[in-house]
Each structure stands twice: as structure tokens, then as C-alpha cells.
Amino acid sequence: MSEPVSPGAEDVPVLRTRGLGRRFGGLVALSGVDLALPAGRTLGVIGPNGAGKSTLVNLISGHLKPTTGSVEIGGTDLTGVRPWRIAHAGVARTFQIVKPFRGLTVADNVAVAAMFGPSSVRSPAHARREAAEVLERVGLGGKDGLSPAELSVADARRLELAKALALRPRLLLLDEVLAGLRPAEIDPALRLIDELKNAGLTLLIIEHVVRAIAAVSDEILVLHHGKVLTQGPPDQVLSDERVIEAYLGHRYTRKNPS
Ligand SMILES: Nc1ncnc2c1ncn2[C@@H]1O[C@H](COP(=O)(O)OP(=O)(O)OP(=O)(O)O)[C@@H](O)[C@H]1O
């Protein structure tokens, strides 16, 4: 049987990178990363400190320009374009260090993000309605009038997520959204990520909490010294001796999570 000449839109990955790489002077932070992330799938990215995880996210979101390779969003080549153009193509991200507008309320932080989002949000009143909906979704419904400085670490991370969701993305890049959370705060955050998955969002998640990444990812990609060490289903990747040696330190089991 012959291949279809023109594949349907559902066959085009939401994210594709080919040979993606970045140098900083003499340091190769990332090299030769080939990815194809289909719609509705969740890719977890793990690796030791300095492996190139944030560099990968920064290259996809346009916050860094690649020195080699390409980034395609929904089949369109957006290599090296500015972050706002990537955002308009449907890609939103969170930052490892949260970046709220400190002079604005929680609600206005999200409303400002909504104004930068899809062109269907045409007025401040509409943006505020969008913000209220997103804040409810992430569990910040009662905290809309607070200043970001009044939020706990967990709620500040929810605000960061709300700002990203207000852009109505099709691809969401989550850079260590669980960092700094207490163990009891991790499960509610994982439930929230599950809800995003169930709503059909395509996710790329960087995380050091291995039980979290194992629970939410369809596949895990391991970076080591800026290169892909391996990629595959969580159970396969987390029992790979090379991954244990480079990153985990011991065999991961669901009974003995770290
Ligand atoms: N702006 C920059 N200038 C120079 N070197 C950089 C820059 N950003 C990252 N690097 C270097 O590139 C390498 C990869 O860094 P990156 O932040 O991507 O790693 P990471 O896997 O996200 O680490 P972590 O888990 O600690 O966040 C590191 O050696 C880092 O020091």
C-alpha cells in the first residue's frame, strides 16, 4: 500500500525539532535533539543539572536562538523567531523562577496574559472573564484580588500556570512547576496536570520529581551532557542502566519512588 501523498493535520506533530542545538561560547549546552511530539501527548524531560533541559525549552519558546537545527510548531518552521510569535502559534510556557507582574493583582496578571493570547480576546472585560475562568481551573478562584507577593510558593506556581493557560495554548512547556512544593502539595499539582492532559493539551514537562514525571508522561526523554541519552515509555526509560547511572542513582520502582 502506498503512503498518503498529503498527510492529514492529525499526522503533523504539534512540536518537531530537528538537529536542535545551542552553544554558549565554547560550551555545547545542547546538540542534535530530534523530537516529534504528537497532539495530546505528554513528553517528560529529565536529566542531571546542566544537562540542557531549560536550554531545550528556551529554544522551543524562542527565548534562545538555536545555533543549529530547527523548531517547527504544527508543521510551520519557527526557528529563531521571537517569543511572541511562538506564543501566537499556540505555545505557552512557565518559568522555573516565577515572573509575575508584582504591581498587579493575581487576576490582572492573568488578564494581561489573556490580552496577549488569541485574537478572540478583544477587550479588557473579556480578558478579565477569561482570567476568572482560568484562575478557577487552577484552584486560585478565591485569590484573584491578592498581590502575587501574598501567595504561597505552591500558589505562585499555580499563578505561573494560569498565565500560561490564559494564552489558550495547544502546546504547554512546564519548566519545573513542582520545584519548591512540599510533598503534600505535589499530588494536587499532579491532578491539575492530569486535567490539562485530559483536556487534550500537548505537554512538554521538565521535572526532577521522578514519581511525578513517571505518573504524567507518555514518554520520557533523558538528556545528558546536552545530548539525548534515550527516549521511550516511562517504565522502560527508568529501568535503563544508563539512565540509572547518569541520573537516578538507583532503580526506580513505583513502590520506591524518589
Ligand atoms: N545563558 C547562558 N550562558 C552560558 N551558559 C549557559 C546559559 N544557559 C545555560 N548555560 C549552560 O548550559 C548548560 C545547560 O544548562 P541548562 O540550564 O539548560 O541545564 P538544565 O538541565 O536545565 O539544568 P538544571 O536542572 O540545573 O536546571 C549548563 O552547563 C549551563 O551552565
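About the criteria used
- Residues numbered from 1 in each chain as written.
- Predicted model: local features only at pLDDT ≥ 70, side-chain atom pairs only at ≥ 80, totals over all residues.
- Near = placed C-beta within 6 Å.
- Helix = DSSP H or I, 4+ residues; strand = E, 2+ residues; numbered from the N terminus.
- Nonpolar A, V, L, I, M, F, W, Y, C, P; charged D, E, K, R; others polar.
- Axes fitted to C-alpha atoms, helices over the stretch in contact; angles between N-to-C directions.
- Parallel < 35°, antiparallel > 145°, perpendicular 65-115°, else oblique.
- Left-handed = near helix turned anticlockwise from the far one by under 90°.
- Contact = placed C-beta atoms within 7 Å.
- Buried ≥ 20, exposed ≤ 12 C-beta atoms within 10 Å, placed from the backbone.
- Pairing = 2+ DSSP bridges.
- Right-handed = clockwise from strand over helix to strand, strands pointing away.
- Core = buried A, V, L, I, M, F, W, Y, C linked by C-beta atoms within 7 Å.
- Domains from an automatic or database assignment.

**Observations regarding the site of the ligand**
Consideration 1: Lining the immediate surroundings of the ligand are Phe 24, Leu 27, Ala 29, Gly 47, Asn 49, Gly 50, Ala 51, Gly 52, Lys 53, Ser 54 and Thr 55.
Consideration 2: Residue assignment for the shell around the ligand shows that the elements contributing at least two residues are strand S2 (27–37) and helix H1 (53–61).
Consideration 3: When residues in the shell around the ligand are grouped by element, the largest group, three residues, is from H1.
Consideration 4: Its residues assigned to classes, the shell around the ligand shows four nonpolar, six polar and one charged.

**As for the packing of helix H3 (residues 106–115) against helix H5 (residues 153–165)**
Consideration 1: Direction vectors running N to C along H3 and H5 enclose 30°, while the axes themselves pass 7 Å from each other. Put simply, H3 runs roughly parallel to H5. Crossing geometry of H3 relative to H5 is assigned as right-handed. On H5, the residues touching Val 106, Asn 109, Val 110 and Ala 113 of H3 are Leu 159, Ala 162 and Lys 163.
Consideration 2: Along the lines of polarity and charge, the residues of the contact of H3 with H5 split into five nonpolar, one polar and one charged.

**Description of the pairing of strand S8 (residues 202–206)**
Put simply, side chains in a regular strand alternate between the two faces of the sheet.
Consideration 1: Among the five residues that make up S8, five are buried, leaving the element largely enclosed by the rest of the structure.
Consideration 2: With burial as the criterion, each face of S8 is covered, one bearing Thr 202, Leu 204 and Ile 206 and the other bearing Leu 203 and Ile 205.
Consideration 3: As judged from the four bridges shared by strand S3 (residues 42–46) and S8, these two strands associate in the parallel manner. If you follow Thr 42 over to S8, its bridge partner there is Leu 203.
Consideration 4: Tracing the backbone out of strand S7 (residues 171–175), into helix H6 (residues 183–198) and back to the parallel element S8 gives a crossover that is right-handed.

**Thoughts on the nonpolar core**
Consideration 1: If you look at the biggest cluster of nonpolar residues, it comprises 67 residues, and the most contacted ones within it are Val 45, Val 110, Ala 131, Leu 135, Ala 162, Ala 166 and Leu 172.
Consideration 2: Ranked by residue count, the leading element in this core is H3, at six residues.
Consideration 3: When residues are assigned to domains, this core turns out to be shared by domain 1 (13–90 + 169–248) and domain 2 (104–166), each giving three or more.
Consideration 4: Setting aside chain neighbours within four positions, we find Ala 162 in contact with Val 110, Val 134, Leu 135, Val 138 and Leu 140.

**Quick word on the domain arrangement of the protein chain**
Consideration 1: Split by domain assignment, the protein chain resolves into domain 1 (13–90 + 169–248) and domain 2 (104–166).
Consideration 2: Averaged C-alpha coordinates put domain 1 and domain 2 at centres separated by 24 Å.
Consideration 3: Contact residues are listed per partner, giving eight residues for domain 1 and eight residues for domain 2.

**So, the pairing of S3**
Consideration 1: Among the five residues that make up S3, five are buried, leaving the element largely enclosed by the rest of the structure.
Consideration 2: Burial along S3 is two-sided: the face carrying Thr 42, Gly 44 and Ile 46 and the face carrying Leu 43 and Val 45 are both buried.
Consideration 3: Examined bridge by bridge, S3 and strand S9 (residues 219–224) share four bridges and lie parallel to one another. Looking at the pairing, Leu 43 lines up with Glu 219 of S9.

**Points about the sheet that holds strand S4 (residues 68–73)**
Consideration 1: Pairing is antiparallel in the open sheet, where four strands are placed in the order S2-S1-S4-S5. Each edge of the open sheet carries a strand with a single partner, namely S2 and strand S5 (76–77).
Consideration 2: Pairing between S4 and S5: two bridges, direction antiparallel. Bridged to Ile 73 within S5 is Thr 76.

**Comments concerning the packing of H3 against helix H4 (residues 124–138)**
Consideration 1: The N-to-C vectors of H3 and H4 enclose an angle of 115°; their axes lie 8 Å apart at closest approach. Note that H3 runs across H4; the crossing there is right-handed. Together, Val 106, Ala 107, Val 110, Ala 111, Ala 114 and Met 115 of H3 and Pro 124, Ala 127, Arg 128, Glu 130, Ala 131, Ala 132, Val 134 and Leu 135 of H4 make up the contact between the two elements.
Consideration 2: Its residues assigned to classes, the contact of H3 with H4 shows 12 nonpolar, no polar and two charged.

**Notes on the sheet that holds S9**
Consideration 1: Taken in spatial order, the six strands make up an open sheet running S6-S7-S8-S3-S9-S10, and their pairing is mixed. Both outer strands of the open sheet, strand S6 (91–93) and strand S10 (227–232), are each paired with one neighbouring strand and no more. Between one strand axis and the next, the sheet turns through 15° on average, direction left out of account.
Consideration 2: Sheet strands in contact with H1 are S3, S6, S7, S8 and S9, and its direction is about 150° off that of S7.

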